[in-house]
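Summary of structural features
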Amino acid sequence: MVELKGVKKRFGNLEVLKGIDLKVDRGKIISIIGPSGSGKSTLLRSINYLEVIDEGSILLDGAQVNRPDLKGLAFERHINHIRQNMGMVFQHFNLFPHLSTLENVTLAPRKLKGVDARSARELGMDLLERVGLADKASAYPSSLSGGQKQRVAIARALAMRPKVMLFDEATSALDPELVEEVNQVMKRLAEEHMTMLIVTHEMGFARDVSDWAMFMDGGVVVEENTPDRLFTHPDQERTCNFLRKHL
Ligand code: ADP
Ligand code: MG
């Protein structure tokens with residue numbers, strides 16, 4: 001479903017991704033762990049083309065995401081189409097503050113897919129139901145808790161019926177008691193075989209939910225394995241040191 005080959009990304013002189021290879025099969029869940037500054041967010045943002053990569057290639061369901069051959073409007077059209085197939089959830093929710101919960105969820109299908117108001121409402125209510133927030137449909141983000149905001153953000157990302165969901169530390173801005181409700185929503189998605197890339201610093205959750213785990217440091221994948229193996233018997237010194245501090 002997602003494949004990266006030799007992906008490199010620089011910010012000025014700083015090489016942040018130094019040749020990343022990665023493959024996520026349909027319905028599989030990969031967790032990416034690693035210290036702050038190791039390039040995890042840049043990696044997710046590159047997959048979604050929020051960052052333009054310098055080298056390598058990114059494929060989504062067989063379609064090339066980076067297309068140096070396309071320019072201007074043709075590229076815009078291409079990338080908008082690609083982005084519709086990827087849902088991204090950020091650490092800081094990024095909900096539209098002037099829109100109700102339901103409007104946050106239905107905006108993209110209405111604007112980008114031309115879904116009519118009634119179908120959009122049905123879809124939106126259905127998704128809010130799935131994240132346990134149907135009763136908050138007309139509430140505004142400012143009146144929601146962090147956990148509720150993040151669940152709305154997940155519903156909003158799902159509204160475009162993406163093929164892949166990308167989560168960038170979705171629970172790290174939350175008070176500890178609100179983490180579980182968001183994890184539950186992510187676990188349910190996993191059970192429904194959504195393809196997911198999850199950047200997280202919650203080792204227990206990563207171990208529970210994922211099919212494969214990667215440890216990144218300094219812009220490279222230092223080590224990857226089944227979560228059981230990576231979290232209990234890491235092969236690399238750097239992974240051991242990181243896990244010792246974070247388990
Ligand atoms: P992580 O998510 O693992 O903490 P990031 O991908 O956010 O790491 O950052 C990796 C490195 O890239 C860091 O050194 C960070 O300072 C740098 N970086 C990230 N975004 C930018 C940017 N837009 N401009 C310059 N440097 C950046
Ligand atoms: Mg990050």
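Residues numbered from 1 in each chain as written. Chains lettered and ligands numbered in written order. Predicted model: local features only at pLDDT ≥ 70, side-chain atom pairs only at ≥ 80, totals over all residues. Heavy atoms only, no water.

Looking at an unreviewed UniProt entry, one finds the chain named Amino acid ABC transporter ATP-binding protein, with Billgrantia kenyensis as its source organism. Regarding the chain, the relevant UniProt record gives this comment under Subcellular location (unreviewed entry): "Cell inner membrane". (UniProt positions renumbered as here; feature names shortened; annotations may be inferred.)

Moving on to the pairing of strand β1 (residues 2-11). Two elements, β1 and strand β2 (residues 14-24), share 8 bridges in a ladder whose sense is antiparallel. Opposite Lys 8, over in β2, you have Lys 18 as the bridge partner. Counted along the chain from β1 to the antiparallel partner β2, the turn is 2 residues long, and its residue Gly 12 has a positive phi close to 60 degrees. Where β1 and strand β4 (residues 55-60) come together, 5 bridges link them in antiparallel fashion. (Pairing = 2+ DSSP bridges. Helix = DSSP H or I, 4+ residues; strand = E, 2+ residues; numbered from the N terminus.)

Turning to the side chain of Lys 40, a few remarks are in order. Tracing the backbone through its elements, the reader meets Lys 40 in helix α1 (residues 40-47). Salt bridges are absent for the buried Lys 40, whose nearest opposite-charge side chain, Glu 169, sits at 4.3 Å. (Buried < 20%, exposed > 50% of the residue type's maximum accessible area, 1.4 Å probe, protein only. Lys, Arg positive; Asp, Glu negative; His and termini not counted. Salt bridge = Lys/Arg side-chain N within 4 Å of Asp/Glu carboxyl O.)

Let us now look at the site of ligand 1. Close to ligand 1 lie Phe 11, Leu 14, Val 16, Pro 35, Ser 36, Gly 37, Ser 38, Gly 39, Lys 40, Ser 41 and Thr 42. A distance of 2.7 Å separates an oxygen atom of ligand 1 from a polar atom in the backbone of Gly 37. Contacts to ligand 1 include Ser 41, whose side-chain N or O atom sits 2.9 Å from an oxygen atom. The protein chains hide 59% of the 560 Å² of surface that ligand 1 would expose on its own. For the shell around ligand 1, the secondary structure elements donating two or more residues are β2 and α1. Among the elements that take part in the shell around ligand 1, α1 stands out by supplying 3 residues, more than any other. (Near = heavy atom within 4 Å. Polar contact = N/O pair within 3.5 Å; in protein donor to acceptor, adjacent residues only side chain to side chain. Areas by Shrake-Rupley, 256 points an atom, 1.4 Å probe, with all protein chains shown as cover.)

Another aspect to go through is the packing of aromatic side chains. Per the stated rule, a full pass over the model turns up 2 aromatic pairs. The interplanar angle of 40 degrees and the centroid separation of 5.1 Å between the aromatic rings of Phe 215 and Phe 242 together place this pair among those described as tilted. Of the two residues, Phe 215 is situated in strand β9 (residues 212-217) and Phe 242 in helix α9 (residues 237-246); the sequence distance between them amounts to 27 residues. A relative accessible area of 6% places Phe 242 in the buried class. One cation-aromatic arrangement involves Arg 156 over Phe 96; the distance from NZ or CZ to the ring centre is 5.0 Å. (Phe/Tyr/Trp six-rings, centres within 6.5 Å; stacked < 30°, edge-to-face > 60°. Lys NZ or Arg CZ within 6 Å of the ring centre and 35° of its normal.)

Per the UniProt record, the feature "domain: ABC transporter" (unreviewed entry) sits at residues 2-243. Helix makes up 40% of residues 2-243 and strand 25%, whereas the separation of the span's terminal C-alpha atoms amounts to 27 Å.

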